[in-house]
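This is what each chain is made of:
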Amino acid sequence: KPQKERQRLPVLPQGIEREAFFAALDELSGQIGAENVEVNDKPLKDGWYMEHPNTHDMMTILDEEELVASAVVYPSSTGEVQAIVRWANKHLIPIYPISIGRNLGYGGAAPRVRGSVVLDLGKRMKQIINIDPDDHTCLVEPGVSFYALYEAIKEKGYDHLWTDPPDLGGGSIIGNTLDRGVGYTPYGDHWACHSGLEVVLPTGEVFRTGMGALPGSNTWQTFPYGFGPYSDGIFSQSNYGIVTKMGMTLMANPGGHESFMYTFQKEEDLAQLIEIIRPLRISNILENVAQLRHVIQTIAVRGQPRTTYYQGSGTIPDDVVHATAATLPTGDCTWIYYGMAYGPAHIRQHKLGIIDAEFKRVRGARRVDPATLPADEYFWSRDRIASGVPDLHELRWVNWVPNGAHVAFSPVSPIRGADAERLLALARRRHDDAGFDFFPAFCVGLREMHLIIEIVFDRDDPERRAAAMACLRHMIDDAAACGYGEYRTHLVLMDQVAGTYSWNDNALMKFNEKLKDALDPNGILSPGRCGIWPKRYRGRGWEM
Ligand code: ADP
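Conventions we followed
Residues numbered from 1 in each chain as written. Predicted model: local features only at pLDDT ≥ 70, side-chain atom pairs only at ≥ 80, totals over all residues. Heavy atoms only, no water. Helix = DSSP H or I, 4+ residues; strand = E, 2+ residues; numbered from the N terminus. Rg over C-alpha atoms; globule rule 2.2 N^0.38 Å. Contact = heavy atoms within 4.5 Å. Areas by Shrake-Rupley, 256 points an atom, 1.4 Å probe, with all protein chains shown as cover. Lys, Arg positive; Asp, Glu negative; His and termini not counted. Charge placed at Lys NZ, Arg CZ, Asp CG, Glu CD. Pairing = 2+ DSSP bridges. Axes fitted to C-alpha atoms, helices over the stretch in contact; angles between N-to-C directions. Near = heavy atom within 4 Å. Polar contact = N/O pair within 3.5 Å; in protein donor to acceptor, adjacent residues only side chain to side chain. Nonpolar A, V, L, I, M, F, W, Y, C, P; charged D, E, K, R; others polar. Buried < 20%, exposed > 50% of the residue type's maximum accessible area, 1.4 Å probe, protein only.

Caption draft 1: Looking closely at the overall build of the protein. Helices and strands together make up the secondary structure of the protein, namely 14 helices and 20 strands. Rg of the C-alpha trace for the protein: 23 Å, near the compact-globule value of 24 Å for 544 residues, within the 12% margin. Oriented by its inertia axes, the alpha-carbon framework of the protein measures out at about 70 × 60 × 55 Å. A separation of at least 24 residues holds for 73% of the contacts in the protein among residues at least 6 apart in sequence. When the accessible surface of the protein is totalled, it reaches about 21500 Å², and 52% of it is carbon and sulfur. Averaged over its 55 positive side-chain charges, the protein has a centre that lies 2 Å from the centre of its 68 negative ones.

So, in structure tokens, the structure goes:
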């Protein structure tokens, strides 16, 4: 290797001598091939979404070297994953599996323990094992992205099958589902829509959940439960196993779809609007995740830096936001609702009529005619995603600041106006204190809503990184004090968020730790992920 490529010393897993570590890597090379074992000794490259790194978080909120891999390994099969797990147990080396590692805003590909060996499953295990056009299901490996599944379905000419991509389509179906990510068709709750897992346990055994446990079963992807305790749950947002295959249900093409967009004038319209949304969503008149976004996001997603609109100091003033919105196809407003109606025209018309009457109870509500919107308007990105077509447009708002990165605050609440107002107020206060423009979006699942607030910060500025971190920490604590918890969080906030789920003297975490110790006695698998530390690490200062 040319000298200039070797500018970094690899980070070692703590407690392992350099010689012993390299000897262990040589041993692993003997098992899976030297070309599939890569020491992380080159300068860390951030790349971009489509060429993201697998060694660290390209949108780091800490110093980039803090949560970084010592090496990356590339298994090609479940058998090789088992071999790597046994190797990790033998040498007590922490390993951290990723599927594709595009988990932007939540830690990317970074391991929670510095110097872990990252298992990049996505590079070589990316087979779509089956697409069943009758059952409307598929079985995929970790490296299958939403784009790849979408393309494969198109290629086979299965026009009657739909996929369900999240906001950005380049991520892994397995990775997103395990982290309980969401999409925007009626199949948006990915975890609820999966059926069957194949899991390598931290001690190296492999098993299949649900009907997959019955030899010869042909219902692994159609009946998720099987017989006995439903074990799938413990493999989502955890560190109890490595998922090597997952079944996913596919939506039937509904025979027509139509996006709609409403704008609402005042920030104070929020409470009334949320009260209107609740019964419509629960009764499925609003058929997909209801998205209510602040207009500032629609401005930012045009991809121009904030300085295009505002050159002053401090956060962007409301009047600038409104004046800007007034010049755009959306017109002046505060909230924008993006939704879709599904089915043939007469069915859509029925639902759209009810929605129109209800939304227009809010003074100043306006339906924007999609025919007036140019092809590159963000509306069409939402239109693609809600009709199962993967997209990347969403990422453009990271251009808001130089070296833009983002990190999310995602509390869950009931679908009530009072809760929406309370969360909005506490988050806005912390944003104002920290000097961040405020990007709130309410996403109504079915009976609950997530408020997703993305902090967009300059990742090359240590002061802004620290400010983003402090702002998030305050919001998590403020929200918990009012009874709100996050549905998902960034790697560096997992201890704090896990700590808020503390009912009855942390009974939940005690249970999680008991499971961890039973399943992973050597504590090698993703230590610390979701706040779950194995015995070997517990109480030794690893928590953040
Ligand atoms: P995506 O590329 O879809 O955003 P990632 O591959 O980054 O998703 O996965 C998100 C997180 O979920 C990872 O950091 C990892 O902790 C966990 N994870 C991903 N894939 C697996 C897997 N196959 N088995 C166990 N955990 C996984």
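Caption draft 2: A look at the pairing of strand β5 (residues 128-132). Of the pairings in the sheet, the one linking β5 to strand β6 (residues 137-140) comprises four bridges and is antiparallel in character. Across the sheet, the residue bridging to Asp132 is Thr137, located in β6. With antiparallel pairing between neighbouring strands as the criterion, β5 and β6 make up a hairpin whose turn holds four residues, including His136 at a positive phi of roughly 60°.

Caption draft 3: Highlighting the sheet that holds strand β1 (residues 37-39). Pairing within the open sheet is mixed, and its four strands lie in the order β1-β2-β4-β3. At either end of the open sheet lies a strand with only one pairing partner, and these are β1 and β3 (95-98). This sheet shows a mean twist of 20° between the axes of neighbouring strands, independent of strand direction. Bridging between strand β2 (residues 71-73) and strand β4 (residues 117-120) involves three bridges; their strand directions are parallel. Bridging from a neighbouring strand, Ala71 pairs with Val117 of β4.

Caption draft 4: Examining the site of the ligand more closely. Taken together, the neighbourhood of the ligand is formed by 20 residues, with Ser99, Ile100, Arg102, Ser172 and Val243 sitting nearest. One of the backbone N or O atoms of Arg102 is found 2.8 Å from an oxygen atom in the ligand. Contacts to the ligand include Asn103, whose backbone N or O atom sits 3.1 Å from an oxygen atom. Listing elements by their share of the shell around the ligand, those giving two or more residues are β3, α4 (173-178) and β10 (242-249). Broken down by element, the shell around the ligand gets its largest block of residues, four residues, from α4. Here the shell around the ligand is composed, by residue class, of nine nonpolar, nine polar and two charged.

Caption draft 5: Up close: the sheet that holds β10. As summarised here, the arrangement of the five strands in space is β5-β6-β10-β8-β9, forming an open sheet in which the pairing is antiparallel. The sheet terminates laterally at β5 and β9 (206-208), the two strands that pair on one side only. Neighbour-to-neighbour, the strand axes of this sheet turn through a mean angle of 10°, independent of strand direction. Relative to β10, strand β8 (residues 194-200) runs antiparallel, the two sharing five bridges. Counted as the bridge partner of Val200 is Ile242 from β10. Contacts from helix α3 (residues 146-155) reach β5 and β6 within the one sheet, and its direction differs from that of β5 by about 50°.

Caption draft 6: Here's a closer look at unusual backbone geometry. For Leu92, which is not a glycine, the phi torsion comes out positive at approximately 55°. Checked against the element boundaries, Leu92 lands in the loop between α2 (78-91) and β3. On the basis of relative accessibility, which here comes to 33%, the residue Leu92 falls in the partly exposed class. With a phi close to 55°, Asn504 is a non-glycine residue in the positive phi region. Position of Asn504 relative to the elements: it lies in helix α14 (residues 503-519).

Caption draft 7: Fine view of the side chain of His52. Turning to its location among the elements, His52 is positioned in the loop between β1 and β2. Polar side-chain contacts of His52 include one of 2.6 Å to the backbone oxygen of Ile100. A polar atom in the side chain of His52 sits 3.2 Å from the side chain of Arg102. Not counting residues within four places of it along the chain, the set of residues in contact with His52 comprises Asp46, Met58, Ile100, Gly101 and Arg102.

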